[in-house]
Amino acid sequence: MENTKQIPESRRCESAKYKYKKSSHVEIFKVLQSLRWDEMFCDFKLETDDGKIICGHKVILASASPYFHAMFKNCEEKNQYLVIMKQLDSTALQLLVNFIYSGEITVTENNLQILLQASNILQLQEVKEACCHFLQTQMCPKNCIAINALADLHSCTKLLRSSELYILQHFSDMVEGDEFLSLSSEQMVKLIACDELKVPSEEKVFESVIRWIKYDLDSRKGILPQLMEHVRLPLTSKDYILKKIVEEPLVNNCLKSKDYVIEALHFHLLKSNELVSFLTIPHHNRKKPRQPGSQKVILAVGGSRHGGNLDSTEWYDPKINQWQPGPQMIASRFSGGLAVVKDNFVIYMGGVNLGSVHQSVYLLDLSSESPYWKSTVDMLIKRRHLGVGVINNYLYAVGGSDGNSCLSSAEVFDCRTQEWRMISSMATRRSSAGIGVLHNLLFVVGGVDGLSKLRLNSVECYHPSLDKWTPVSKMRVRRSALGVGVLDDVVYAVGGTNGFKVHKSVEAYSLSTGVWTSIPDMHLCRQFPGVAVLDGLLYVVGGDDGTSTFDSVEFYNPKTKTWTMVTTSCNDARTAAGVVAIDRPRNFKTC
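Residues numbered from 1 in each chain as written. Predicted model: local features only at pLDDT ≥ 70, side-chain atom pairs only at ≥ 80, totals over all residues. Heavy atoms only, no water.

Per an unreviewed UniProt entry, the chain goes by Kelch-like protein diablo and derives from Acyrthosiphon pisum. Under the Pathway (unreviewed entry) heading, UniProt states for the chain: "Protein modification; protein ubiquitination." (UniProt positions renumbered as here; feature names shortened; annotations may be inferred.)

1. Topic: the overall build of the chain
Along the chain, the regular secondary structure elements total 17 helices and 31 strands. In terms of overall dimensions, the chain has C-alpha extents of about 100 × 80 × 45 Å along its principal axes. Expressed as a percentage of the 591 residues in the chain, the buried residues total 49%. Taking as baseline every contact in the chain between residues at least 6 positions apart, the subset at least 24 positions apart corresponds to 54%. Of the accessible surface of the chain, which amounts to about 30,000 Å², a share of 51% is contributed by carbon and sulfur atoms. Of the side chains in the chain, 66 bear a positive and 63 a negative charge, and the two mean positions are spaced by 6 Å. (Helix = DSSP H or I, 4+ residues; strand = E, 2+ residues; numbered from the N terminus. Buried < 20%, exposed > 50% of the residue type's maximum accessible area, 1.4 Å probe, protein only. Contact = heavy atoms within 4.5 Å. Areas by Shrake-Rupley, 256 points an atom, 1.4 Å probe, with all protein chains shown as cover. Lys, Arg positive; Asp, Glu negative; His and termini not counted. Charge placed at Lys NZ, Arg CZ, Asp CG, Glu CD.)

2. Describing the sheet that holds strand S22 (residues 468-472)
The strand order S19-S20-S21-S22 describes an open sheet built from four strands, whose pairing is antiparallel. The open sheet has two edge strands with one neighbour each: strand S19 (434-438) and S22. Taking the axes of each pair of neighbouring strands and ignoring which way they run, one obtains an average angle of 25° across the sheet. (Pairing = 2+ DSSP bridges. Axes fitted to C-alpha atoms, helices over the stretch in contact; angles between N-to-C directions.)

3. Section: the pattern of salt bridges
Where charged atoms of side chains with opposite charge meet at close range, the side chains can pair. All chains considered together, the criterion is met by 14 salt bridges. For the salt bridge of Glu 248 with Lys 214, the shortest nitrogen-to-oxygen distance reads 3.5 Å. Note that Glu 248 is positioned in the loop between helix H15 (238-245) and helix H16 (249-252) and Lys 214 in helix H12 (residues 202-215), a separation of 34 residues in sequence. Across the pair Glu 507 and Arg 479 runs a salt bridge, and its minimum N-O distance is 3.0 Å. Residue Glu 507 is located in strand S25 (residues 506-510), and its partner Arg 479 is located in the loop between S22 and strand S23 (483-487); the two are separated by 28 residues in the primary sequence. Residues joined by salt bridges that share partners form a network here, namely Arg 305, Glu 314, Asp 572 and Arg 574. (Salt bridge = Lys/Arg side-chain N within 4 Å of Asp/Glu carboxyl O.)

4. As for unusual backbone geometry
With a phi angle near 55°, Ser 155 is a residue other than glycine that sits in the positive phi range. As for its placement among the helices and strands, Ser 155 is situated in the loop between helix H8 (144-153) and helix H9 (157-169). Given a relative accessible area of 52%, Ser 155 falls into the exposed group. At Ser 432, a residue that is not glycine, the phi angle is positive and equals roughly 60°. Relative to the helices and strands, Ser 432 is located in the loop between strand S18 (419-423) and S19.

5. Quick word on the packing of helix H6 (residues 112-122) against helix H7 (residues 125-138)
For the pair H6 and H7, the least separation of the axes is 9 Å and the interaxial angle reads 150°. Between H6 and H7, the angle is such that the two are roughly antiparallel. Two packed elements cross with a definite hand, and for H6 against H7 that hand is left-handed. Across from Leu 112, Leu 115, Leu 116, Ser 119 and Asn 120 in H6, the residues of H7 making contact are Val 127, Lys 128, Cys 131, Phe 134 and Leu 135. Among the residues making up the contact of H6 with H7, the classes are represented as seven nonpolar, two polar and one charged. (Parallel < 35°, antiparallel > 145°, perpendicular 65-115°, else oblique. Left-handed = near helix turned anticlockwise from the far one by under 90°. Nonpolar A, V, L, I, M, F, W, Y, C, P; charged D, E, K, R; others polar.)

6. Description of the sheet that holds S23
In space, the four strands of this open sheet follow the order S23-S24-S25-S26, with antiparallel pairing throughout. If you trace the sheet from one side to the other, it starts and ends with S23 and strand S26 (516-519), each paired once. Adjacent strand axes in the sheet meet at a mean angle of 30°, parallel and antiparallel pairs treated alike.

7. What about the side chain of Asp 572?
If you trace the backbone, Asp 572 turns up in the loop between strand S30 (562-565) and strand S31 (578-583). Of the residues examined, Asp 572 reaches a relative accessible area of 17% and is grouped as buried. A distance of 2.7 Å separates a polar atom in the side chain of Asp 572 from a polar atom in the side chain of Arg 305. Within the structure, the side chain of Asp 572 is placed 3.0 Å from the side chain of Ser 312, a separation counted as a polar contact. (Polar contact = N/O pair within 3.5 Å; in protein donor to acceptor, adjacent residues only side chain to side chain.)

Structure (structure tokens):
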């Protein structure tokens, strides 16, 4: 039957496009690998020192390896059919060429070291990272020193940091193994001197020093005074000093070591007479307890993702580049406020659960043996999309929405009296604003006013001593659902939305200039991101772009003025989550 339906003239004249993108290159890799096996179209051969021959295609290897790219483009080998590969194990080279053609490789204990060496030379970063991941999963007290040495030898920066941290955290078990006895004098001094060394007592440190020296007595006994300088003998018991340390021949035969013993006994004498003072043993840390686990980590709490709200928490340790699960919340929450008070107390305020706005407040005590969330004193007003800040252990909850309207009100919690009270209201109603604390002043940045739905570029500053809000220079861009962080006396306004598009732009405010200036854009557009400051870097966690919720993290380095994506994603994609930096508690275990 003839189709009488006509294509409209205007549509026929349009320039149409259809873009197709191949979903997988697996089949192409299989064909290329098959061609290599059959030595078809191969344009070079690699020969290793043991006479093994490996065929290949220059363009394939050059596209995957900067080493081969440079070789076939600029070096004398570019015109050679047979290339001699010196200092490369034939097994490792075969595995790496197979990886280039297939995208697959298996790392084992037997091939690990040759793969690390060869992937370093050929600059195959993915294989190097796979080897590091394998070593990370296999790390234990018996092999952590060897893994640390491998990481140092092959410039595996992340693995080097994680193995160093592991050694500090598992010192007591590590010193029982034979690997410990192979440490150099420099490594031993550095280890014993470390303030973050995790030990049940200083007795364990002393015993490890004596065991290490006696393993090679002739060459090591001269290092005893340098090691004893870092053993915190005043923290050992008086009985242990008299029964174990005084009786140790190595100590008795070393004049300088005996001085440290006398110093420790003098400390105990003063202590028994209640006359001990921080001035009695000057200029060193021998009476200062070690502080393991005091490094900072990032804690992410609650939030929302496609499919529902979250009651999970997780924490990120930048030293090992890993996210770990944290204590589960009492109930799922998103769009609440998160803050840290008195170093050890994480407080989550308000937010939304099952469609309802809450004024409830949850507390997580990081100093307890088994941290868990518990309810504490409710706020005076229900709030979601609120801003929170802490000044001198006073906790501020500012603006937000009660579910019906945006709020200009603010309240403060006194940690001493355990009471909330209202403070002066802002000049503008603000929901989804950001808050930063700088020089004991509270900066409330942007947001939405809730009346005209206008996204704001205005900023207000609260002076606690005056109970007064004053205007601050406006941002360059209107932003609500933004993140705010304070780093090196600069307030950063991160991402957000103007109501029409989600920003990847960031701007910064300094009290010295009194104006907002643009800094480089983030890699991704993000609204409702979490922001935390850690080790001189500004971390931005999760958020969404209006369509997708992110599990990605990136950080800004103000020294280099660059953004870097963190290679490890969160366990959960999160938007409108609470994110803060905390001291990592001892009970937050590393996998």
